[in-house]
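Next come the chains, spelled out residue by residue.
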Amino acid sequence: ATFSLRPPFQHWGTSLPPRMPRLFLWAQALFLSLPPSEEDSQQNMSPEHSSINIILFGALAKDYSESVSQGDTLLVTGFTVGNSPTAQKDKLHACNLQLAGDDAWMYVSTDSGRSSYAAKVVKYTYVPLSDLTPGVVVNVYAVVTFFKQPFRTKGTDYCSTLKITDQSNKKVGCTIFCDKLEEHPKIFKMGDIIRLHRVKTQLFNGAISLLTSHGFSVVTFDGMVGSPVVPRTSSGSFKFGEEDCQVVEALRTWAANQSLVPAEPCVPLSAVQPKTYFDLTCQLLAKAPVDSSCTLLKVWDGSKCPHPLLDVFVEPNTLEGSPTLSKDMANLTANVLVYDNHVEVARQFKPGSYLRIYNLHAVPGASRLPSNDSGQSDQMGHLGFHLHGGTSYGRGLRVLPEDSPDILDLKRILETFSESDINDSSMFEVWSTPPESFGMLTFFTLMLICTISRFPVNIAYKRTCDHTVEQVSLAEVKSRGPPQMFHIQAQLKSYQPQRLYQSLKLFCHKCKTIRDVPDDVTVGGLFSEAQKDVGPCNNGYWTLVLPLPKEPPSESPSRTLTLLMSSQLMGKGKAKELIFLKGATLEETCRIASAYSNIVPVTSPQGTMTPMDLSAPFLFRGTKRYYGCKQCSQLKVGESLGEGVEVWDEKSVADALGVQLLQYGLLMKLELQDGTGSLEALLWRDAESFFHVSAEDAAADQEAQDRVQETMDRLCPPGSSTAERPWMDLCLSAYTVEENGQRRACYQICHTDTRGTNTHTHPHATPSDT
DNA sequence: GATTAGGCTTAG
């Protein structure tokens, strides 16, 4: 992965980012033992010189850190011998062995004696907890009997505190330090199985404990007998085989007969006793910051609490997500106040996600929230829930993945709410409302169904238009026909293109045509084609010709890179602001563009410098690429450049070159439905405000692309049923297009804004601005 | 490259 431009560019004095190996492993006093040779004895070498440091660089470091264990025998070839800078300190050999580059290899022979090629065959040995001795690095398999979710330490890391045990019945404490939260063990409940690689034994208070050591890794599993053995890890390169399955299953079976786990700490809202501590598995409906040390979470688990639940009012504009009044009234919403260290954790949560809250305190009596001191006298004795500060008793909270068994159960329960029909008697039970208020009940039940059926993404899609139009059904839209504006309420049935990058288009304001953004293979091909033009170009530009080092195969022709700068700009000391580049590959152009403000790739077919085929970008600015319209551009390179131009941006460069600049846009076709029918509508003119993304950013920036994807995933969650999709308030413009003499009605979504993630409007409420 | 914590209830 060497960068062929480096030598000339270093000479030229640019600041191109170097491509250095990113990974290296400091493998200290590795597991290698060299038996003292005869020469050594003759030279009176001291015994400590039988140990030597090996340093691995690059890909080797990554591969071997995954595959070498203490005690393995290594065969090392292709190394260089260097002075060991740590010889004084570690008293090891004065030299070290450095393994870098393609020639360096290391072969690993495991305990079993079968030598083999590196990473593939390493076998881990697991030590029973009763056999642990202090001061060694080991691998263990165990059952978790106590755990704390990772919490911030006073140092640089997060810490997970665990207690684990195995068939040897020995209980061992385990402390995991790691600065990355995702690398901490994913433990959801006591009884989960854990596999720890490279943990260090340590004597503390007279007992063995385990501590993370270099190269530490962890995988966890559900502890329930019979459930699928699915490793939970964030590591992409962990080893997991048939034997692991067997170890996990053996531990599960053993643990099932041991009563290791105390009485089920997980309690549904329907079984909560006041003044107790319990674990709650729930879905987050909404959250709101209360103050710097307290956050409110509104959650439910689909069960009805027998005790009246405390309601906590917060300013609606501070609330993220959509709690529903109906769930409050049905005593389904639990208000959880999360304090101190847990606030940071809760900040990451998104409404709709599934949570488990550990050691939640059910507190009868009103909360002392400043905003509702007065209003809560009538809530005396209502149950509130507190997640106190600190981590005692494993107090904490985390998101559970949607496919974990407990969540599947919970989802099923929550689904029964959205599927419930008004005539469904289970609904009446939920309400436990006396028969005499039946009329009232029907109204509220209707409300409940309306709201819940739009769960979990009850987002208000706000119309931003300023006209007043009656809201109509899709069937009416079709029967009334164009030209007209409509307001509709609909769900997304499907959309095209499914590959969202294909929605990026280039638009010419002059000839009104839309074209696709070419992919890198196509653009790269145009650059290769342009490279064939090796002739000179003499049109009065300052020219710098850079020979490039030969690349294999050696018979390939030598290449040069030509940089051209305008004499006019040179005269003003602005030469670097606009650079023309000839002979570069696409990749090289991109790299150079990262260091200069405007790079124009050019060729010189008849000895005159001219922009490349306009199928390719005519301009690179940082990560952004700009295209010109083939039909409408009238290239004029060679004439005087940019008289009076102060700032060189895409517009002034396009003007100077006679290029008709194309504008980026997003084009999608959305199929809408509302129960009266479905309708295909385009998203084009107002697509940027719909997604809150500039199309130009979306062409160059992953984050912007993600935002488009997220919006589509919210409107149409992958694998979701219609009932789960949110409703949108949309403004629709109907117009007529003529194709082959045929007139056809066309619809476009306009004036609609998906920013409303923090707002909530009841589905039947009329947006205030319409 | 050391350090962090080393379960055992907040007090809202």
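An unreviewed UniProt entry lists chain A under the name Protection of telomeres protein 1, with Salmo trutta as the source organism.

**Description of the side chain of Asn359**
In this fold, Asn359 is placed in strand β18 (residues 354-364). The exposure class assigned to Asn359 is buried, which follows from its relative accessible area of 10%. At 3.2 Å, the side chain of Asn359 forms a polar contact with the side chain of Arg395. Excluding residues that lie within four positions of it along the chain, Asn359 makes contacts with Tyr277, Phe278, Asp279, His386, Leu387, Ser392, Tyr393 and Arg395.

**Details of the sheet that holds strand β23 (residues 504-507)**
The pairing of strands in a sheet comes from backbone hydrogen bonds and takes either a parallel or an antiparallel form. Read from one edge to the other, the open sheet built from 3 strands follows the order β24-β23-β32, with strand pairing classed as antiparallel. Unpaired on one side and paired on the other, β24 (514-516) and β32 (663-666) mark the two borders of the sheet. Pairwise comparison of adjacent strand axes, ignoring direction, gives a mean angle of 40° for this sheet. Bridge count between β23 and β32: 4 bridges; the pairing is antiparallel. Bridge assignment links Lys505 to a residue of β32, and that residue is Gly665.

**Things to note about helix α12 (residues 520-531)**
Spanning 12 residues, α12 covers 16 Å between terminal C-alpha atoms, matching the ideal 16 Å at 1.5 Å per step. Within α12 the residues assigned to the buried category are Val523, Gly524, Leu526, Phe527 and Ala530. The arc that holds the buried residues of α12, viewed along the axis, is 155°, so those residues lie on one side. Residues of α12 that are buried sit in contact with α14 (586-593), β28 (599-603) and β30 (619-621).

**Some points on the nonpolar core**
Core analysis: the biggest nonpolar cluster contains 62 residues, and Ile488, Leu672 and Leu732 have the highest contact counts within it. Residue contributions to this core peak at 5 residues, all from strand β22 (residues 484-496). Here this core spans two domains, and each of domain 3 (462-504 + 666-753) and domain 4 (509-549 + 559-659) adds at least three residues to it. With residues up to four places along the chain from it excluded, the contact list for Ile488 reads Arg463, Gln471, Val472, Leu474, Val477, Leu672, Met728, Asp729, Leu730 and Leu732. Listed in part, the 31 residues of the second largest apolar core include Val140, Ile176, Phe188 and Leu332.

**With respect to the pattern of salt bridges**
Evaluation of the coordinates by the stated rule reveals 21 salt bridges. One network of salt bridges, in which partners are shared, links Lys189, Arg356 and Asp406.

**Things to note about the side chain of Asp192**
Tracing the backbone shows Asp192 in the loop between β11 (171-178) and β12 (193-204). From its side chain, Asp192 meets the backbone nitrogen of Phe188 in a polar contact 2.8 Å long. A polar contact of 2.5 Å, which involves the side chain of Asp192, links it to the side chain of Arg232. If sequence neighbours within four positions are ignored, Asp192 has contacts with Ala142, Val143, Val144, Lys186, Ile187, Phe221, Asp222, Gly223 and Arg232.

**Let's talk about the environment of His388**
Tracing the backbone shows His388 in the loop between β19 (383-387) and β20 (396-399). By relative accessible area, which is 27% here, His388 ends up partly exposed. On a C-alpha basis, the gap between His388 and Cys294 in space is 9.5 Å, while along the polypeptide they are 94 residues apart. Each residue touching His388, except ones within four places of it in the same chain, is listed here: Tyr277, Tyr339, His342, His361 and Arg395. Looking at His388, its side chain comes within polar contact range of the side chain of His361, at 2.8 Å.

**Here's the deal with the packing of aromatic side chains**
The description of two aromatic rings rests on the distance between their centres and on the angle between their planes. Within this structure, the stated rule accounts for 8 aromatic pairs. Note on Tyr141 and Phe221: the rings are 6.5 Å apart at their centroids and 25° apart in plane angle, and the pair reads as stacked. With Tyr141 in strand β8 (residues 137-147) and Phe221 in strand β13 (residues 207-221), this pair connects stretches of sequence that are 80 residues apart. This pair shows no difference in class: Tyr141 is buried, exactly as Phe221 is. For the ring pair Phe690 and Phe691, a centre distance of 5.1 Å and an interplane angle of 85° mean the geometry is edge-to-face. Given the relative accessible area of 0%, Phe690 is considered buried. Classification of Phe691 by relative accessible area gives buried; the value is 2%. Following the ring pairs from residue to residue traces out a cluster consisting of Tyr126, Tyr141, Phe221 and Phe240.

Definitions and cut-offs
Residues numbered from 1 in each chain as written. Chains lettered and ligands numbered in written order. Predicted model: local features only at pLDDT ≥ 70, side-chain atom pairs only at ≥ 80, totals over all residues. Heavy atoms only, no water. Helix = DSSP H or I, 4+ residues; strand = E, 2+ residues; numbered from the N terminus. Buried < 20%, exposed > 50% of the residue type's maximum accessible area, 1.4 Å probe, protein only. Polar contact = N/O pair within 3.5 Å; in protein donor to acceptor, adjacent residues only side chain to side chain. Contact = heavy atoms within 4.5 Å. Pairing = 2+ DSSP bridges. Axes fitted to C-alpha atoms, helices over the stretch in contact; angles between N-to-C directions. Expected span 1.5 Å × (residues − 1). Arc of directions from axis to C-beta. Core = buried A, V, L, I, M, F, W, Y, C linked by side-chain atoms within 4.5 Å. Domains from an automatic or database assignment. Salt bridge = Lys/Arg side-chain N within 4 Å of Asp/Glu carboxyl O. Phe/Tyr/Trp six-rings, centres within 6.5 Å; stacked < 30°, edge-to-face > 60°.

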